[in-house]
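Listed below are the residues making up each chain.
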Amino acid sequence: QVQLVESGGGLVQAGGSLRVSCAASGRTFSSNAMGWFRQAPGKEREFVAAINWSGGSTYYADSVKGRFTISRDNAKNTMYLQMNSLKPEDTAVYYCAARRVRFGVVVTPMSYDYWGQGTQVTVSS
């Protein structure tokens, strides 16, 4: 079992930056491939970024590529999402998720086994 807790969300102006974190507890963190998703009001949950167990493989949605960076620190059991050049359309609840396996950066929510409660990110224009 893995417990995930997001933090670091907040209100930021367009063009600004924010870093959200996901702290994991329970099962060995380095055993899990991880991902970030987001959900805006009235919309489906969408993939943002994913990372394998070592951090050596990452993948991004086209909408955030070049602006967002996913990373992890296995010694701290924490995953990060650095968000730069934020746009109002990035406004959403951001969720971290973990898979039971180490490998595979995947985009479908159904491929993830554990989820955090989410953290709100609001970008004002």
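A brief report on the enclosed structure follows. Positions within a chain are numbered from 1, following the residues in the order the chain's sequence is written. Only residues with pLDDT of at least 70 get local features here, since the model is predicted, and only at 80 or more are side-chain atom pairs given and counted; chain-wide, interface and lining totals rely on the full set of residues. Water and hydrogen atoms were dropped before computing side-chain values, which therefore reflect all heavy atoms in the structure.

1. Description of the overall build of the protein
When helices and strands are tallied, the protein shows zero helices and 11 strands. Listing the helices and strands of the protein from first to last along the sequence gives β-β-β-β-β-β-β-β-β-β-β. The reference for a compact globule is 2.2 Å times residues^0.38; the radius of gyration itself is calculated from the C-alpha atoms. Over its C-alpha atoms the protein spans a radius of gyration of 13 Å, differing by no more than 12% from the 14 Å that the globule rule assigns to 125 residues. With respect to the principal axes defined by its C-alpha atoms, the protein has extents near 40 × 25 × 25 Å. Put simply, the protein has 125 residues, and 43% of those count as buried. Excluding contacts between residues fewer than 6 apart, the proportion of contacts in the protein whose partners are at least 24 apart in sequence is 60%. Summed over its atoms, the accessible surface of the protein is roughly 6,200 Å², and 48% of this surface lies on carbon and sulfur atoms. Across the protein, 13 positive and 8 negative side-chain charges occur, with their mean positions spaced 6 Å apart. Secondary structure is summarised from DSSP: a helix means a run of H or I of at least four residues, a strand means a run of E of at least two, and numbering begins at the N terminus for each. A 1.4 Å probe rolled over the protein chains alone gives each residue an accessible area, and that area as a share of the maximum for its type sets the label: buried under 20%, exposed over 50%, partly exposed in between. By definition in these notes, contact holds between two residues if any of their heavy atoms fall within 4.5 Å. Computed with the Shrake-Rupley method and a 1.4 Å probe, the accessible areas treat only the protein chains shown as cover for residues. Counted charges follow a simple rule, with Lys and Arg positive, Asp and Glu negative, and His plus the chain ends left uncounted. In this description, the location of a charge corresponds to atom NZ of lysine, CZ of arginine, CG of aspartate or CD of glutamate.

2. Things to note about the pattern of salt bridges
One side-chain nitrogen of Lys or Arg within 4 Å of one carboxyl oxygen of Asp or Glu is enough to make a salt bridge. Summed over all chains, the structure comprises five salt bridges. Between arginine 38 and aspartate 90 there is a salt bridge, and its shortest N-O distance comes to 2.9 Å. Pair noted here: arginine 38 is in strand 4 (residues 34-39) and aspartate 90 is in the loop between strand 8 (78-83) and strand 9 (92-98), with a separation of 52 residues, a long-range link. By the burial criterion, arginine 38 is buried, and aspartate 90 matches it. When salt bridges that share partners are traced, they join Arg38, Glu46, Arg67 and Asp90 into one network.

Note that all results are geometric; they support no functional claim without further evidence.
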